[in-house]
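# A structural walkthrough
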Amino acid sequence: MTASEPWTVGVLIVDDDPLVRAGLVMMLGGAPDIRVVAQAGDGTQALPLVDRHAPDVVLMDIRMPVMDGLAATEALRARPGAPEVIVLTTFDADDHVLRALRAGAAGFLLKDTPPDEIVTAVRQVARGYPVLSPAVTRRLIARVADSGHDLRRTRAGDRLALLNGREREVAVALGQGRSNAEIGAVLHLSVPTVKTHVSGILTKLGLNNRVQIALLVHDAGLLDDQE
């Protein structure tokens, strides 16, 4: 691709239902800047296809035979230069979605999401912005099992202790679901400065995206007084 050519987002679709895959191909096929590079029926098929086609985004079903979407997401996101992953799910799998987000997935879509929203979500994730509203983030977090809560809080607090004061404020604002512009307004920072702080937080904590920062902030109990 030359500098004058538009960027095309490569997408890998992973779902064990051929009809779902066909529907997603049709939805995405109408977008001039999105190209479906391959399809897979389970996670084991997806891994070599990622190596072969280097997609920008993987649309990953959760419930699949052989290797499910959770295991596949964890395997993919552990690799260097991994594609972004959007998990496909229903609301009755909130705990599974949370596991996928902790593994580094950039968000999730319901399978009955309108086609134009799916296209928008793929574009957004390809540019590094998670597809997960603050309300849904809170709903998912609320469904986490209580087991291991104290240990999670201690570990999260230890990790966040690596941040300086300003980075901690930005992290808490991310946990509240605020955008860069909203964080800038609250903390009296420019948007570029907020972006710099977010990048610094991700690097210090070894995280992939803003959603993981928000989850870590919640685990540390920093939002308890605000809920």
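This is a predicted model, so every value here is computed, not measured.

Moving on, we come to the sheet that holds strand E3 (residues 57–61). If you trace the five strands from one edge of the open sheet to the other, you get E2-E1-E3-E4-E5, paired in parallel fashion. This sheet does not close on itself; its edge strands, each paired only once, are strand E2 (34–40) and strand E5 (107–110). Looking at each pair of strands side by side, their axes are set apart by 25 degrees on average, direction ignored. Bridging between strand E1 (residues 9–14) and E2 involves six bridges; their strand directions are parallel. What sits directly across from Ile-13, in E2, is Gln-39. Those strands touched by helix H2 (residues 43–53) are E1, E2 and E3, and its axis lies near 140 degrees from that of E2.

Look at helix H1 (residues 18–29): 16 Å from first C-alpha to last across 12 residues, which is about the 16 Å you get at 1.5 Å a residue. Within the span of H1, buried status applies to Arg-21, Leu-24 and Leu-28. An end-on view of H1 places all buried positions within 65 degrees of arc, on one side of the element. The outward face of H1, more than 90 degrees from its buried face, is lined by the exposed residues Pro-18, Leu-19, Met-26 and Gly-29. Buried positions along H1 lie against E1, E2, E3, strand E4 (84–89) and helix H5 (115–126). Near the N-terminus of H1, the side chain that reaches the backbone nitrogen of Leu-19, with its oxygen 2.9 Å away, is that of Asp-17.

Mean pLDDT over the protein chain works out to 84, with 84% of the residues at or above the 70 mark. For the protein chain, the element scoring lowest by mean pLDDT is helix H6 (residues 134–142), at 57; E1 scores highest, at 96.

In terms of backbone geometry, most residues other than glycine have negative phi values and most peptide bonds are trans. Non-glycine residue Val-66 carries a positive phi angle of around 65 degrees. With respect to the helices and strands, the residue Val-66 is situated in the loop between E3 and helix H3 (69–77). In this structure, His-188 takes a positive phi of about 60 degrees despite not being glycine. Topologically, His-188 is positioned in the loop between helix H9 (180–187) and helix H10 (191–205).

The subject of this paragraph is the side chain of Arg-77. If you trace the backbone, Arg-77 turns up in helix H3. A polar contact of 3.2 Å, which involves the side chain of Arg-77, links it to the backbone oxygen of Gly-104. Among the polar contacts listed, one links the side chain of Arg-77 to the side chain of Asn-208, at a separation of 3.0 Å. Dropping the residues within four chain positions of it, Arg-77 is found in contact with Ala-82, Pro-83, Glu-84, Val-85, Ala-103, Gly-104, Ala-105 and Asn-208.

The final tally for this structure, using the stated rule, is five salt bridges. Where Asp-51 meets Arg-79, a salt bridge forms, and the shortest distance between an N and an O atom there is 2.7 Å. In this pair, Asp-51 is assigned in helix H2 and Arg-79 in the loop between H3 and E4, connecting sequence segments 28 residues apart. We classify Asp-51 as exposed; its relative accessible area is 57%. Between Arg-77 and Glu-84 there is a salt bridge; the shortest N-O distance is 3.9 Å.

Reading guide: rules and limits
Residues numbered from 1 in each chain as written. Predicted model: local features only at pLDDT ≥ 70, side-chain atom pairs only at ≥ 80, totals over all residues. Heavy atoms only, no water. Pairing = 2+ DSSP bridges. Helix = DSSP H or I, 4+ residues; strand = E, 2+ residues; numbered from the N terminus. Axes fitted to C-alpha atoms, helices over the stretch in contact; angles between N-to-C directions. Contact = heavy atoms within 4.5 Å. Expected span 1.5 Å × (residues − 1). Buried < 20%, exposed > 50% of the residue type's maximum accessible area, 1.4 Å probe, protein only. Arc of directions from axis to C-beta. Polar contact = N/O pair within 3.5 Å; in protein donor to acceptor, adjacent residues only side chain to side chain. pLDDT = per-residue confidence, 0-100. Salt bridge = Lys/Arg side-chain N within 4 Å of Asp/Glu carboxyl O.

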